[in-house]
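Residues per chain are reported as follows:
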Amino acid sequence: MIKMEAVNKSFGKLHVLKDITTTINDGEVVTIIGPSGSGKSTLLRTINLLGEPTTGAIFIDEQNITLLKEKQVMQMRSEVGMVFQHFNLFPHKTVLENITYAPIKVRKIEKAQAVKEAEALLQQVGLADKADVYPSKLSGGQKQRVAIARALAMKPKYLLFDEPTSALDPEMVKEVLEVIQSLATTGITMVIVTHEMAFAERVSSKIIFMDEGKIIEETEPSIFFEAPQSERAKIFLEKVL
Ligand SMILES: Nc1ncnc2c1ncn2[C@@H]1O[C@H](COP(=O)(O)OP(=O)(O)OP(=O)(O)O)[C@@H](O)[C@H]1O
């Protein structure tokens, strides 16, 4: 379970997250949506302390992670995987090496085992034939599927997605969303920042709608998309749907 309690985040004078309190239960797929600049990515990045909150507490499985020492933060991050907008693959490693690197280094498993697991993950994301290729030879959609396989290779309990399709050409969005959607049925807890509304409606157990640094609505997708409660959500949906 991920729990945020009265989380605030400022960048200098800019107050970006305002008193965020929410709980994400195990097995949930939560999508964070809202206007550009409303604080969605900032919120997501506080969950694994890539951005530290200015005030407030974040609990992962009852542990207040804002109190962790650096080494413990590393351990926590191996349980909270992240997929970034711009893939962040190692350019000088092959696809297979990108996926096996952290399991060997951090999970400390044998190379042969890491390779076996990586091959299974590549199969799962539809890239079994790309193991020995370098990232520069892949399309954006393929790169993002490798990034998802790499995150899964750490066997995280939680997986965070920061606008995973925003950097892709339109024709590659679908293949990545399909992979994420197939993960949603595996029971892994996921938090996804996205501008893909149809996907959010399809895949989420809960929608968090943000505006100006606050959570305005937090509800199941059928209610949010069909009968939003707040004026701000209504205006937002009129613009994007
Ligand atoms: N590292 C930073 N330093 C200073 N300001 C930042 C930083 N990161 C984000 N911000 C500011 O915080 C606000 C919220 O940004 P954030 O990226 O969280 O919004 P978002 O809702 O994810 O937007 P988008 O949908 O456009 O990605 C913006 O005004 C942004 O400029």
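Here is what the cut-offs are and how they apply
Residues numbered from 1 in each chain as written. Predicted model: local features only at pLDDT ≥ 70, side-chain atom pairs only at ≥ 80, totals over all residues. Heavy atoms only, no water. 1 Å grid on protein atoms, 1.4 Å probe; cavity = no way out; pocket = protein on both sides within 12 Å on 5 of 7 lines; lining within 4 Å. Points joined across faces, edges and corners; volume = space filled by probe spheres on them. Helix = DSSP H or I, 4+ residues; strand = E, 2+ residues; numbered from the N terminus. Nonpolar A, V, L, I, M, F, W, Y, C, P; charged D, E, K, R; others polar. Pairing = 2+ DSSP bridges. Axes fitted to C-alpha atoms, helices over the stretch in contact; angles between N-to-C directions. Contact = heavy atoms within 4.5 Å. Buried < 20%, exposed > 50% of the residue type's maximum accessible area, 1.4 Å probe, protein only. Near = heavy atom within 4 Å. Polar contact = N/O pair within 3.5 Å; in protein donor to acceptor, adjacent residues only side chain to side chain. Areas by Shrake-Rupley, 256 points an atom, 1.4 Å probe, with all protein chains shown as cover. Phe/Tyr/Trp six-rings, centres within 6.5 Å; stacked < 30°, edge-to-face > 60°. Lys NZ or Arg CZ within 6 Å of the ring centre and 35° of its normal.

- In the nomenclature of an unreviewed UniProt entry, the chain corresponds to ABC-type polar amino acid transport system, ATPase component from the organism Brochothrix campestris FSL F6-1037.

1. Regarding the layout of surface pockets
Move 1: Here the largest pocket defines a volume of roughly 600 Å³.
Move 2: Together, 21 residues line the largest pocket, and R77, M82, A102, R150 and M154 are the ones closest to its centre.
Move 3: Secondary structure elements with two or more residues in the lining of the largest pocket: helix 2 (70-79), strand 6 (80-83), helix 3 (95-107) and helix 5 (140-152).
Move 4: Its residues placed into classes, the lining of the largest pocket shows 13 nonpolar, five polar and three charged.

2. Describing the sheet that holds strand 6
Move 1: The strand order 6-7-8-3-9-10 describes an open sheet built from six strands, whose pairing is mixed. In this open sheet, the two strands that pair with only one neighbour each are strand 6 and strand 10 (214-219). Adjacent strand axes in the sheet meet at a mean angle of 20 degrees, parallel and antiparallel pairs treated alike.
Move 2: Looking at chain direction, strand 3 (residues 29-33) and strand 8 (residues 189-193) are connected through four bridges and run parallel. Following the sheet pairing, I32 is matched in strand 8 by V193.
Move 3: The strands touched by helix 1 (residues 40-47) are strand 3, strand 6, strand 7 (158-162), strand 8 and strand 9 (206-211); relative to strand 7, the strand with the most contacts, the crossing angle is about 155 degrees.

3. Examining the environment of P170
Move 1: By the element assignment, P170 lies in helix 6 (residues 170-184).
Move 2: When the C-alpha atoms of P170 and T194 are compared, they prove to be 14 Å apart, with 24 residues separating the residues in sequence.

4. Let's talk about helix 2
Move 1: Three or more residues of helix 2 are buried, namely V73, M76 and S78.
Move 2: Among the structural elements, helix 1, strand 4 (55-60), strand 6 and helix 3 are those in contact with the buried residues of helix 2.

5. Structural notes on the sheet that holds strand 5 (residues 63-64)
Move 1: Strand order in the open sheet formed by four strands is 2-1-4-5, with antiparallel pairing between adjacent strands. Of all strands in the sheet, those bounded by a partner on one side alone are strand 2 (14-24) and strand 5.
Move 2: For strand 1 (residues 2-11) and strand 2, the ladder comprises seven bridges, and the chain directions are antiparallel. Residue pairing across strands places S10 opposite H15, the latter belonging to strand 2.
Move 3: The sheet contacts of helix 1 involve strand 1, strand 2 and strand 4, and relative to strand 1 the element is tilted by about 125 degrees.

6. Comments concerning the side chain of T100
Move 1: Here T100 shows up in helix 3.
Move 2: By relative accessible area, which is 7% here, T100 ends up buried.

7. Quick look at the site of the ligand
Move 1: In the vicinity of the ligand lie 13 residues, with S36, G37, K40, T42 and E163 positioned nearest.
Move 2: Between S38 and the ligand, the recorded distance is 3.1 Å, taken from a backbone N or O atom to an oxygen atom.
Move 3: At a separation of 2.6 Å, an oxygen atom of the ligand approaches a polar side-chain atom of E163.
Move 4: In isolation the ligand offers 630 Å² of accessible surface; the protein chains occlude 59% of this area.
Move 5: Contributions of two or more residues to the shell around the ligand are made by strand 2 and helix 1.

8. Re the packing of aromatic side chains
Move 1: This structure, assessed with the given rule, holds four aromatic pairs.
Move 2: Ring geometry for F209 against F236: centres 5.2 Å apart, planes inclined by 45 degrees, an arrangement best described as tilted. Of the two residues, F209 is situated in strand 9 and F236 in helix 9 (residues 231-240); the sequence distance between them amounts to 27 residues. Here F209 matches F236 in class, with each residue buried.
Move 3: Through pairs of rings, three or more aromatic residues link up here, namely F209, F224, F225 and F236.
Move 4: In this arrangement the basic side chain of K3 is found over the ring face of F59, its NZ or CZ atom lying 5.7 Å from the centre.

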